[in-house]
Amino acid sequence: MEAFADVAVLSRIQFALTVAYHFLFVPLSIGLGLILAINETRYYRSRKPEDAAATKFWVKVFTATFAIGVATGITMEFSFGTNWANYSRFVGDIFGAPLAAEALFAFFLESIFLGVLLFGRERVSPKFYMVSSWLVWAGSCLSALWILIANSWMQTPAGAELNADGTEAVITDFFSAAFNPSIFARYTHTVDALLIMGAFVAMAVAGWYMLKGRNAEFAMKTMRIAAVVGIVTSCAMIVFAHSSAVVVWNEQPTKLAMMEGMYDSEVPPLYAVGIVDEDNQEVIAPFAIPGGTSFLATGNFETEYPGLNELAQTEEYGDMVVEDMPVGLVFQSYHLMVAMYGLIMLTSILVLVFTFKGGRIAKMRWLQWAAVLSPIWPFIAIQTGWITAEVGRQPWVVYPSVTGPDGVSLLTADGISMSVSAPELWLTLGLFVLVYLVLLIGWARVIGRFIKEGPVAEGAAAADAAAVAVVAADAEGDVVVAEAVAAAGDSKKEGE
Amino acid sequence: MMEFLSVLWFFLIFVLIAGYFVLDGFDLGIGVLSPFIAKNDEERAVLRRAIGPVWDGNEVWLLTAGGALFAAFPDAYATTFSGFYLAVMLVLFGLIVRAVSFEFRAGDPSWGKLWDACFFVGSLLPALLLGVAVGNIFAGIPMDAAGDYAGVPLIGLITPFTLLTGLLGLAMFLAAGSCWAALKAPLPSCLQARAARLRLPLQVIALALFAVVSVYALVLVGPEMDPNLGILRWLFAALVVVGLLASLVVGKTSGDDLKAFLAQSASMIALVALLACSMFPVLVNATADSVGPAITLANAASSELSLTWMTIILCIGLPLVLVYHVVIYRTFRGRVNPADLEEY
């Protein structure tokens, strides 16, 4: 198998694996960061010990998740140099600045004020603590902004030109490069998806407590916050997703062709499901709205878009070998993402209605189960969304977009590190799989423990201690001990 | 203007490296020292708490230095990170398991031994290998015409000289760690006494290694150095020694742990400054038999516009970063006390 010795293929596998893994945890921390900040603001107003306990609970969950996000994020910054040296040389003039800015403006903000959240409850004023929670969240959103500026520039290069000997993209206009044609659409689309993820994880935790019949007050409060954040972000997604798609329609014709399985030029129909027969270059779908995608893109049902075969004839996209294009993968990823959005919207509406209609969700076991399972939908949507975005721009790493400057594009295979060999890649790939697996297990254990323990208010802890004292004083028999333990459990619930 | 900007960024990269060396230096040092100076779970918890609120921010200096190198001198970033591939990956895996070990140790005591081990190994790998990497860019690596590393992976990077620079780096990290532990551990406590006692031998070893590395570098490696910076090199070399000696004497006699830590830190900054003045204007030296030329300011700097924007970004960002640092170090000033441990 040639692919096993192909440094470009192995480098892509390693990057895909590490970035997808990184993006399991980033959505959780940005999403939960908002839930945490809202919670802390509630405590700042109410000053109830159970609200403080709720914040502490989310700080613990957030921090364990954030730690993996940070750790696996270092991999990403290093890997441009380690595995994509030629890419780094080509784009360094433009791509490096957002990475440095991300560290300066975002990473310091996040990590330092997280230190305050973790250890500073007794050391700083309540207001400072509350502001810190918002600063941590702001830091994570800023981080997303800078990295998406860099990523969007790769999708739709702007404000740059090819240097004299054709080896480097050189910046000509900072603002055009930073505010490139896809940044606003892609930033809002991505961050909104992360907030949906956070809301759904909060829903899941609340739903789990409802199913178990414990922490009733915390569960209901959390469900309310999650329901509001969930519905707002799900509705906003209609606008953000649409504008993201418009950018693809206008800027990235080969990606559009792959998303809709268009080998030949046509008026793109709208499919809900289908299979791409790559050998015969056609889409097999049970039903389709003729001209549907054309309508979404342009407002009429007649606009023809070029297919892959026509695009391969052009100078701009001539490097593409149509037979090798991963059309099926992009088509399925894109349609799966859209399907997941349907489930996200449905869940958001159901949870909203039954949470605020007299809190009926507290008695609806099927909806509680739906809430517990709900993070699966945004999780799949986020991963498949990124597969669509990144596999859809192949075979280029810097995409020759429609409005992009002439010559500012780079094939993925030309971006690799020449001094890294296939055996070295196999070694590091194996290590990544091993280390990341241990991290995942470690994280699951810690989060599982936090959820099992639940938020414990100061008052409840005192009640526990009292119960233990009773047990110690009255060592007459097992019955007494059992009763005392049960009593401690009850007082814990009341404390929340 | 272009020349000014590229020279400015050459030194700014080293400023960021110095920030990393001093700040993450003490917490990497604590990670390596922890199995030796902490005898039980409580003492280990004190050590973790001594760096808990700050280690994450400290590590960001490395990411900032990496990002800035990428932006200002893409060729240097590309050549070193890809050329040192396996070594960089070891540093990376170290940083990864170390980062999670903090939170997982607190949340999962039954796997405590695993996370303690991760904390130690994850601190040791960067503390040792970063010095090895510096030794290589100073002594020179073989490069092909395209500027890619042309030597043997990993093994080719280990020479007597680079091993010595690695050990010098490690000794400095450990000395800084012992100073920080002595400064933050409760007083009086066995842990504090152990950390304070350890300062002297570690700093003596660091001094000895500094002397050996300096002589080795001048006599056997002997790269060309900018003659205009000769005075600065002598000055910073003297500061390295004076800083270490001052820290050593203060720590031994007065017991002022803060002054001992600050003198140690000054010595570490001087060491990075000495390196910068010895390298200028070269970012990555080439060996004598190298096909490709050394990577320098002249052939690696980004465009004037790019460096201008980087300067603007730094002028806004760095003051903010310094303010955050003042906030966090002020908030958590003073020694760790037992009540702090219950908090988390």
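Criteria and cut-off values
- In every chain, residue numbers begin from 1 and rise along the written sequence.
- As they are written, the chains are lettered A onward and the ligands numbered 1 onward, keeping that order.
- Side-chain atom pairs in this predicted model are given and counted only at pLDDT of 80 or more, local residue features only at pLDDT of at least 70, and totals for whole chains, interfaces and linings cover all residues.
- Here the contact rule is simple: place C-beta atoms from the backbone, and any two residues whose C-beta atoms are within 7 Å are in contact.
- Put simply, DSSP marks the helices as runs of H or I at least four residues long and the strands as runs of E at least two long, and each gets a number from the N terminus on.
- The convention used is that axes are lines fitted to C-alpha atoms, helices contributing only their stretch in contact, and that angles between N-to-C directions extend from 0 to 180 degrees.
- Any angle between 65 and 115 degrees counts as roughly perpendicular, while under 35 counts as roughly parallel, over 145 as roughly antiparallel, and the rest as oblique.
- Whether a crossing is left-handed or right-handed is set by the direction in which the near helix is turned from the far one by less than a right angle, anticlockwise for left-handed and clockwise for right-handed.
- Whether a residue is buried, exposed or partly exposed follows from its count of other C-beta atoms within 10 Å of its own C-beta, namely 20 or more, 12 or fewer, or something in between, respectively; the C-beta atoms are built from the backbone.
- Under the convention adopted here, Pro, Cys and the residues Ala, Val, Leu, Ile, Met, Phe, Trp and Tyr are nonpolar, Asp, Glu, Lys and Arg are charged, and Gly plus all remaining residues are polar.

Asker: Mind showing me how you'd approach the interface of chain B and chain A here?
Answerer: The figure often quoted for interface size is the accessible area lost as the parts come together. In this complex, chain B contributes 57 residues to the contact, which on the side of chain A involves 61 residues. Every element with two or more residues in the side of chain B that touches chain A is listed here: α3 (55-72), α4 (74-83), α5 (85-107) and α12 (304-331) of chain B. The biggest single contributor to the side of chain B that touches chain A is α5 of chain B, with 15 residues.

Asker: Could you clarify how one ought to interpret the packing of helix α2 (residues 49-83) of chain A against helix α3 (residues 85-119) of chain A in this entry?
Answerer: A pair of packed helices is characterised by two quantities: the angle between their axes and the separation of those axes. Residues and elements named next belong to chain A. Across the interface, α2 lies against α3 with an axial gap of 11 Å and an inter-helix angle of 160°. Of the possible angle classes, the one that applies to α2 and α3 is roughly antiparallel. In terms of crossing hand, the pair formed by α2 and α3 is left-handed. Residue-level inspection shows Val 59, Thr 63, Phe 66, Glu 77, Phe 80 and Gly 81 of α2 in contact with α3, the latter providing Ala 85, Tyr 87, Ser 88, Leu 99, Leu 114, Leu 117 and Leu 118.

Asker: Before we go on, may I ask you to explain the environment of Ile 441 of chain A in this structure?
Answerer: Its location among the elements puts Ile 441 of chain A in helix α14 (residues 422-453). Spatially, the C-alpha atom of Ile 441 of chain A lies 27 Å from that of Ser 133 of chain A, the residues being 308 residues apart in sequence.

Asker: Sorry, what's going on with unusual backbone geometry here?
Answerer: Note on backbone geometry: most residues besides glycine have negative phi, and most peptide bonds are trans. Between Leu 187 of chain B and the following residue, Pro 188 of chain B, the backbone shows a cis peptide bond with an omega angle of -5°. Residue position: Pro 188 of chain B is located in the loop between α7 (160-184) and α8 (190-221). Put simply, Phe 280 of chain B and Pro 281 of chain B share a cis peptide bond, and its omega is 0°. Turning to its location among the elements, Pro 281 of chain B is positioned in the loop between α10 (257-279) and β1 (282-284). Residue Arg 47 of chain A is not a glycine yet carries a positive backbone phi of 55°. Checked against the element boundaries, Arg 47 of chain A lands in the loop between α1 (7-46) and α2. For Leu 154 of chain B, which is not glycine, the phi dihedral falls at a positive 55°. On the basis of neighbour counts, which here come to 14 C-beta atoms within 10 Å, the residue Leu 154 of chain B falls in the partly exposed class.

Asker: So what exactly am I meant to see when it comes to the packing of α3 of chain A against α4 of chain B here?
Answerer: Contact geometry of α3 of chain A with α4 of chain B gives a least axis separation of 8 Å together with a crossing angle of 145°. Handedness of the α3 of chain A/α4 of chain B crossing: right-handed. Only Pro 74, Asp 75, Tyr 77, Ala 78, Thr 79, Phe 81 and Ser 82 of chain B of α4 of chain B make contact with α3 of chain A, whose side of the interface consists of Ala 85, Ser 88, Arg 89, Gly 92, Asp 93 and Gly 96 of chain A. In the contact of α3 of chain A with α4 of chain B, the residues fall into five nonpolar, five polar and three charged.

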